[in-house]
Each structure stands twice: as C-alpha cells, then as structure tokens.
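# Residue-level structural notes
Next come the chains, spelled out residue by residue.
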Amino acid sequence: MLFPFRNEPLTDFTQAHEQTAFQRALDKVKAMLGREIPAVIDGERLWNEQGFVSINPSRPEEVLARFPKLDVSHADRAIDAAARAFKTWQHVPVEERARYLLHAAAEMRRRKHEFSAVMVLEVGKSWAEADADTAEAIDFMEYYARQAMRIADSSDLLTPFPGEQLSLYYIPLGVGVVISPWNFPNAIATGMTSAALVAGNTVCFKPAEPSSWIAAMICDLFYESGIPRGVLNFMPGKGSVIGARMVDSPQTRFIAFTGSKEVGLRIFESAGKTQPGQLWLKRTILEMGGKDAVVVDETANLEAASVAIVQSAFGFQGQKCSAGSRAIVVDNVYDQVIGRAVELTSKLTVGAPDQSHLIDQGPVVDKNSYQKIMEYIEVGTQEGKLLLGGKPLITPENGYFIPPTIFGDVAPDARIAQEEIFGPVLACIRARDFDDALNIANGTEFGLTGALFSLDRARIERARREYHVGNLYFNRKCTGAFVGVHPFGGFNMSGTDSKAGGPDYLLLFTQAKSVAERL
Ligand code: NAD
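Counting from 1, residues in each chain are numbered in the order their sequence is written. In view of the model being predicted, local features appear only for residues whose pLDDT reaches at least 70, and side-chain atom pairs are presented and counted only at 80 or more, with totals across whole chains, interfaces and linings using the full set of residues. Side-chain measures here rest on the full set of heavy atoms in the structure, leaving out hydrogens and waters.

## So, the overall build of the protein
For the purposes of this entry, the term helix denotes a DSSP run of H or I that reaches at least four residues, the term strand denotes a run of E that reaches at least two, and both are numbered from the N terminus. A tally of helices and strands in the protein yields 15 helices and 19 strands. Burial status follows relative accessibility: with a 1.4 Å probe on protein chains alone, a residue under 20% of its type maximum counts as buried, one over 50% as exposed, and anything between as partly exposed. In the protein, which comprises 519 residues, the proportion classed as buried is 58%. Contact definition: two residues touch when any of their heavy atoms are within 4.5 Å. In the protein, of all internal contacts separated by at least 6 residues, the share reaching a separation of at least 24 is 75%. Reported accessibility uses the Shrake-Rupley method at a 1.4 Å probe radius. Residues are deemed covered only where the shown protein chains occlude them. Put simply, the protein shows about 21000 Å² of open surface, and 53% of that area lies on carbon and sulfur atoms. In this tally, Asp and Glu contribute negative charge and Lys and Arg positive charge; neither His nor the terminal groups of the chain are included. Charged side chains are reduced to one point each, which is NZ for Lys, CZ for Arg, CG for Asp and CD for Glu. Seen as two clouds, the 53 positive and the 62 negative side-chain charges of the protein have centres 3 Å apart.

## Some points on the sheet that holds strand β15 (residues 405-408)
Paired strands, as defined in this entry, are two strands with at least two bridges between them according to DSSP. Across the sheet, which stays open at both edges, the seven strands sit in the order β14-β15-β16-β13-β12-β17-β18 with mixed pairing between neighbours. Every other strand in the sheet has two partners, leaving β14 (385-388) and β18 (471-474) as the edge strands with one partner each. For this sheet, the mean inter-axis angle between neighbouring strands, taken without regard to orientation, is 20°. Where β15 meets strand β16 (residues 425-431), three bridges bridge the pair, whose relative direction is parallel. Across the sheet, the residue bridging to F407 is A427, located in β16. Fitted lines through C-alpha atoms give the axes, limited to the stretch in contact for helices. The angle between two N-to-C directions lies from 0 to 180 degrees. Helix α11 (residues 331-345) contacts β12 (293-296), β13 (326-330), β14, β15 and β16 of the sheet and is inclined by roughly 140° relative to β13.

## Concerning the packing of helix α3 (residues 94-110) against helix α6 (residues 187-198)
At their nearest, the axes of α3 and α6 sit 9 Å apart, and the two run at 155° to each other. Between α3 and α6, the angle is such that the two are roughly antiparallel. Between α3 and α6, the contacting residues are V94, R97, A98, L101 and M108 on the first element and T190, S194, L197 and V198 on the second. If an angle is under 35 degrees, it is roughly parallel; if it is over 145, roughly antiparallel; if it lies from 65 to 115, roughly perpendicular; otherwise it is oblique.

## Thoughts on the site of the ligand
Around the ligand, a shell composed of 28 residues is seen, among which S180, W182, S260, M288 and E420 lie nearest. Here a polar contact is taken to be a pair of N or O atoms separated by no more than 3.5 Å, where protein atoms must pair a possible hydrogen donor with a possible acceptor and residues adjacent in sequence count only if both atoms sit in side chains. Interatomic distance of 2.9 Å between a side-chain N/O atom of K206 and an oxygen atom of the ligand. The separation between a nitrogen atom of the ligand and a polar main-chain atom of G239 is 3.3 Å. Considered on its own, the ligand offers 860 Å² of accessible surface; in the complex 88% of this is hidden by protein. Nearness is judged by heavy atoms alone; a residue qualifies as near a molecule or strand once a single heavy atom is within 4 Å of it.

## A look at helix α12 (residues 367-383)
Quick reminder: α-helices carry 3.6 residues per turn. Residues three or four places apart thus point the same way. Multiplying 1.5 Å by the residue count of a helix minus one yields the expected span of that helix. Counted at 1.5 Å a residue, the expected span for α12 with its 17 residues is 24 Å, and the 24 Å between its end C-alpha atoms agrees. Taken together, the buried residues of α12 touch β15, α13 (415-418) and β16.

## Some details on the domain arrangement of the protein
These domain boundaries are the output of an automatic or database domain assignment. According to the domain assignment, the protein contains domain 1 (18-288 + 498-518) and domain 2 (293-482). The centre of domain 1, based on its C-alpha atoms, is set 30 Å off from the matching centre of domain 2. Across the boundary between the two partners, domain 1 contributes 25 residues, which contact 32 residues of domain 2. For any pair of parts, buried area is found by adding up, for both, the accessible area (1.4 Å probe) each one loses once the two are put together. Summed over the three residues of domain 1 that lose the most area to domain 2, namely S58, W127 and W182, the buried surface amounts to 22% of that side. The working definition used for a salt bridge is a side-chain nitrogen of Lys or Arg within 4 Å of a carboxyl oxygen of Asp or Glu. For the pair domain 1 and domain 2, the interface holds four salt bridges. Measuring nitrogen to oxygen at the nearest pair gives 2.9 Å for the salt bridge that ties D354 to K30. Between domain 1 and domain 2 we count eleven residue pairs in polar contact (both at pLDDT 80 or more) in total. Here the element with the most residues in the side of domain 1 that touches domain 2 is helix α1 (residues 16-30); it accounts for four residues. Three residue categories are used. Nonpolar comprises Ala, Val, Leu, Ile, Met, Phe, Trp, Tyr, Cys and Pro, charged comprises Asp, Glu, Lys and Arg, and polar comprises the others, including Gly. Considered class by class, the residues forming the side of domain 1 that touches domain 2 number twelve nonpolar, six polar and seven charged.

## Quick look at the pattern of salt bridges
As enumerated under the stated definition, the model contains 35 salt bridges in all. R245 serves as the salt-bridge partner of D76, at 2.7 Å between the closest nitrogen and oxygen. A residue pair is termed long-range when its members are at least 10 positions apart, and D76 in helix α2 (residues 72-89) and R245 in helix α8 (residues 239-248) qualify at 169 residues. We note a salt bridge from E142 to R109, for which the minimum N-O separation is 3.0 Å. Note that E142 is positioned in helix α5 (residues 127-152) and R109 in helix α3, a separation of 33 residues in sequence. A relative accessible area of 12% means that E142 is categorised as buried. A network of salt bridges, in which partner residues are shared, links K28, E107, R110, R111, E114 and E224.

See the structure below:
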C-alpha cells in the first residue's frame, strides 16, 4: 500500500537553518572535486584515460570531475549488456521494480542538498533553482512508481465478452537509450531513466557532458538500491559518438531524448532507418526546444504580468525549454508593463551561486553557450532597442556571466523572436490588440509553453482553444511545471508531446498486449 502521490516540498532558504544545511552540503561536495568518475557497463566500473572533464561555469578553471574516454565499442558493449539484462528484468514484478524507485527517492530526499549543491557547482543553478530540480527528480520517482503499478494490468478497462477471459497488459519494450540535457540535469535525467526502468526496460543512459557528475550520482543511487547489473548502464561521453552509435544499434528498441531541436531531429531520422537485423520500429520520445511567450492584454493585472515576465524569462539564466523568451504586450499597456519588467530585472543579482543563496542568476553553462548567446545579443542590437544588459560581466574568475538582457520593439519575425537562444535574453513585442498578440504567440515553429495575462473571460476561453502550446498557463508564469500537476511536453518542433509527469507518460515506455482465453 502506498500513500497517494504528493509533490516534494521546496526548501525555504530565508530560514537560517536551511542556509546552514545547504552550505554544509556545498562544503561536502567541494571536498570531492577532481575525482575520476568511471562509466558503468554491465555492472563493471570502467576507467581508461581521461576523456573529458566537467567544470564549474562560474570559475571555468575549476575541474569538478573527470570522465573516461568512451568510443563506439563501449557503446556496443553497453547495448549488449542491456539486451542481456532485459531477458530477466522484464519479468521482475512491477511492485519490485517500483520499490527500486521508491528506495532511490527516499535516499535522494535524505541527501537532497548534496544533489542540489552539485548542480550549483556544475551548471550554475541558484540554490532555489537547484532545490526545485532535485524536488522534481524525487517527484518523478515517486510518481512513476505509482503509475507503473496502476497501468501494468489494465484488464478492468476492457468490455466483458461472453465466454472469454480478457486481459490487457502493458509490457516493456526492451533496450532503451536515454539521452538527457544539462539544464534540468537531475529532474529530466532521473525522470526519463526511472520511467524506462519501472516499465521493465533496461537502459543505456548518456547524460549531457556538462552535467555528467550529477548524472553519475543519479546512477549510483540506483546501483546502491541494488538494481541488477546491466539494467542501467552509465555512459558519459560525446553525443555524436556514443549517443549516435547507441541510437543506431539494431538492438535498441526505443530512445528517450530531451534536448535541442537540431539533435532531436537527427535522432528522429536515424531511428527511422531500419538497421540489418532489426526486428522492430524504434520508438522515439523526443522533447525539444521552445520559444515561449507571455502575452499581456489591457485588462490584465499589469504588476503580476511584469513579475511573471521577469520570472519566466530569467529563471536559471533563461536556460529552460519553458523560458518565456518573448513578452507580447498589447500597445496601450506595453510601455507600462515592459518598463516595470525592466525595472524588476535590473534588481536581479548576478554572480557565482555557490557564494550565497541571494544570487538570482549564475553563469550560462559553458563557453559555447556563452558565445552563442553573445552572438544573439549582437543580432538583437540590429533587431530591437536594447533596454537592459547586453554586455558580458567581467569577473576575476572569467566565469560565463551574461546579465539579464532585454530588447524592446522587436518584430515578431525577427531572429531573436523566432530562434531559441537559451540564455538570459528577452524579446519584447508590441501587439496591436489581443487578436494580434495571439497570432504572434502562435507564430513560431515551436509550441511548448505559453502564458496569457488577461481578466477577460471570452479571451481566456479563446486562448484555451487557440493558443497552440502543450502547456498553457493563465495569469501565471510559463515556467515551473509540477509533476502530476502539469504534465509537460510540447507541440510542433517542441517535440513528441510526451507529457512527462502525467498519467500517460509511462505508456510510451510500454507496448500493450491483449489476451483472450476461451473458457
Ligand atoms: P543538446 O541537444 O545539445 O544535447 C542533448 C543531449 O543529446 C546531450 O546528452 C548530448 O550529448 C546528446 N547528443 C548530441 N548529439 C547527439 C547525437 N548526434 N546523437 C545522440 N545524442 C546526441 O541539448 P542541451 O544543450 O543539452 O539542452 C538544451 C536543449 O534542451 C534546449 O534546446 C532546450 O529547450 C531543450 N530542453 C527541452 C526540454 C523539454 O522538455 N522539451 C526540457 C529541457 C531542455
């Protein structure tokens, strides 16, 4: 018997004892810096030579952890191991598989500040953002454990038929390749991995390189919970080398990917090509980018709208797929709403987040991101009016700090209003009226999240039907989905709309078997 699912509470960092506890966790993980972290294939820890390092983007000279050099032969070994392990893991009763998740969730809860502290160092999350990431990871394990037991035998959903005893089972698919991004390095990696495992699949898990340390901690949690060898293989390394090889393997049955549109499309294409010896159509679960908007009309609570614009645009330096990177405001309140958003944004503190819980904005994740975002800022100066930020912050440690940057009067079809920048850059667009604003909001290739601030019932109802996004929010920010509360996933080029954290998600990791026995 399990208690009903409840979301993990977030930490209140205004409390001195919580600050002390988090600081202690930071000190503890800092004492581990520079370790060699092996890959894990078929239960064996594998180290050869140093392949790459994970660094602290606030102080790029600081090496956090070292990882081995994996090539395609390791990728093949991991897939073989997962295929062997599937023979038995698929028959482990669902209650038992669920208990591995519940055990891992309990342990992550006990050590939650440690997991969060690693993200503060490895990807530059503020304390509050890191804490929310860990809480979401715990939620995914608790939620999917319950969902797996709910769906495993769905025979009661069938229509009775005279003389036959009917069953509907959701059985596992096989070997899954899980490929995660660095921006929710605990929540998304844990979520995709635990969903695959609890549904009875075996996994080769390849995390994004910049967040390989936290990924190793997640795997260790499962290993410590006693998960059998080969069921979960930890494969740190290059996406284009080992990731692509595992995607291509004829033994791979499905790919669960979260990341950019470019890589998602490549995986979609590769997975569609049948390899010699392949017995199935590979399933792809692909969650990709966004160019999300906060729309504000003249009836809205304008102060609440300005606050939400700032939170949506700049939480975790704008490095969220759900980030509200466009503010679309109707003309007659545009100056007031954007003026206030600029004022609020100018008060955000930027700095190395391990220094204080009061830092709102850390660095962007790495040098490539930094350069790409600075190029977009350059483009923005041609396409709009720079209202705030724009210049990189020079620090003694040469961290990748970019201050929150706002461009005003950007055209809806400008590059900074259409392309995912994935950094602290907000494009503000002036709309003639609500109709125009809704059109602009829908006018990108993406369709992940969107918000509308309005007190007009008819407009809210219209947006409910016509605002074409997977996650729509009224009179609140467009980030911050909770597991079980706001099932998450997007339309169009934002992905396959898998609705992570929702009641249908696990079905994607299974196939349904219908059985009828004549009595
Ligand atoms: P990315 O696409 O660069 O990398 C994602 C993963 O793919 C990494 O593990 C990477 O190593 C791997 N990879 C790269 N090339 C590969 C290849 N050829 N074959 C197989 N794997 C390969 O994305 P990122 O920079 O890590 O993450 C940021 C992106 O993720 C943004 O676009 C963001 O919007 C998106 N994202 C989407 C969601 C969502 O739920 N829709 C959530 C978080 C992030």
